[in-house]
Amino acid sequence: MQPAGYREICDSERFRRVVETKFGDRVAVRPAGPHDFALLLAMFDDFEPKQAAQSLPPADEEKRRTWVQDITVNTLGIIALDNLGRAVGHACLIDIEPGRRAELEIMVHQELRNRGLGSCMIPFLLELARHFGYRRIWLAVDARNARAVHLYRKSGFRLIGPMDIELEMELEL
């Protein structure tokens, strides 16, 4: 569930940014909400590969639709939009302990991967998390995904343990 006051944050200018990737792409980043359902659904319909990280996004069209509905209504999240207004990235926090501890999920559309967009999105999401009083952010990442592991370490996450083929990482805010 989205925290109290989240709607007001979505509508304010305080939490809106225009970031530039390392290749000069200008991307608008702002809080995401239910009004972003169509944008995110279009991004995830086009997203490849499907089911790559923790089986997300779902390959099945109806399951994907339900999942997008859930993340737009029940998470604290951000959306990244290209200069044409298309969603090209999404990151969110899924509550583990509501308002205190959450799981990080981040996805960047294949057209903008490896351009530094994730490096721009994570600090912004963590700023939102701090604003709403979160204390700890957890994530699981494929141990073979060196770029993602590097991104998370650069963002301040520390390794707390292996989980089979995944690594478990955490950040205290």
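Residues numbered from 1 in each chain as written. Predicted model: local features only at pLDDT ≥ 70, side-chain atom pairs only at ≥ 80, totals over all residues. Heavy atoms only, no water.

Student: Quick rundown of the overall build of the protein chain? Include the residues and the values.
Tutor: Looking only at helices and strands, the protein chain features five helices and eight strands. Start at the N end of the protein chain and walk to the C end: the helices and strands fall as α-β-β-α-α-β-β-β-α-β-α-β-β. For a compact globule of 173 residues, the expected C-alpha radius of gyration is about 16 Å, and the protein chain comes in at 15 Å, within 12% of that figure. When each of the 173 residues of the protein chain is scored for burial, the buried share is 46%. Considering only intrachain contacts with a sequence separation of at least 6, the fraction spanning at least 24 residues in the protein chain is 61%. (Helix = DSSP H or I, 4+ residues; strand = E, 2+ residues; numbered from the N terminus. Rg over C-alpha atoms; globule rule 2.2 N^0.38 Å. Buried < 20%, exposed > 50% of the residue type's maximum accessible area, 1.4 Å probe, protein only. Contact = heavy atoms within 4.5 Å.)

Student: Would you mind going over the nonpolar core in detail, with residue names and values included?
Tutor: Leu-104, Leu-117, Ile-137 and Tyr-152 are the most contacted members of the largest nonpolar core, which has 39 residues in total. By residue number, the principal contributor to this core is helix H4 (residues 117–131), which donates eight residues. Sequence-distant contacts of Ile-137, that is, excluding residues within four places in its chain, are made with Leu-93, Ala-102, Leu-104, Leu-126, Ala-129, Phe-157, Met-169, Glu-170, Leu-171 and Leu-173. (Core = buried A, V, L, I, M, F, W, Y, C linked by side-chain atoms within 4.5 Å.)

Student: Quick one: what's the story with the environment of Asn-145, residue by residue and with numbers?
Tutor: As for its placement among the helices and strands, Asn-145 is situated in the loop between strand S6 (136–142) and helix H5 (146–154). Judged by relative accessible area, Asn-145 falls into the partly exposed class, the value being 36%. Put simply, Asn-145 and Leu-167 are 22 residues apart on the chain and 9.9 Å apart in space, counted from C-alpha to C-alpha.

Student: An account of the environment of Arg-86 is requested, with residue identities and associated values reported.
Tutor: Within the secondary structure, Arg-86 sits in the loop between strand S3 (76–81) and strand S4 (87–97). Along the sequence, Arg-86 and Leu-39 sit 47 residues apart, while their C-alpha atoms lie 6.5 Å from each other. Look past the residues within four positions of Arg-86 in its chain and what remains in contact with it is Ala-80, Leu-81 and Glu-111. Within the structure, Arg-86 has its side chain in polar contact with the side chain of Asp-82 (distance 2.6 Å). (Polar contact = N/O pair within 3.5 Å; in protein donor to acceptor, adjacent residues only side chain to side chain.)

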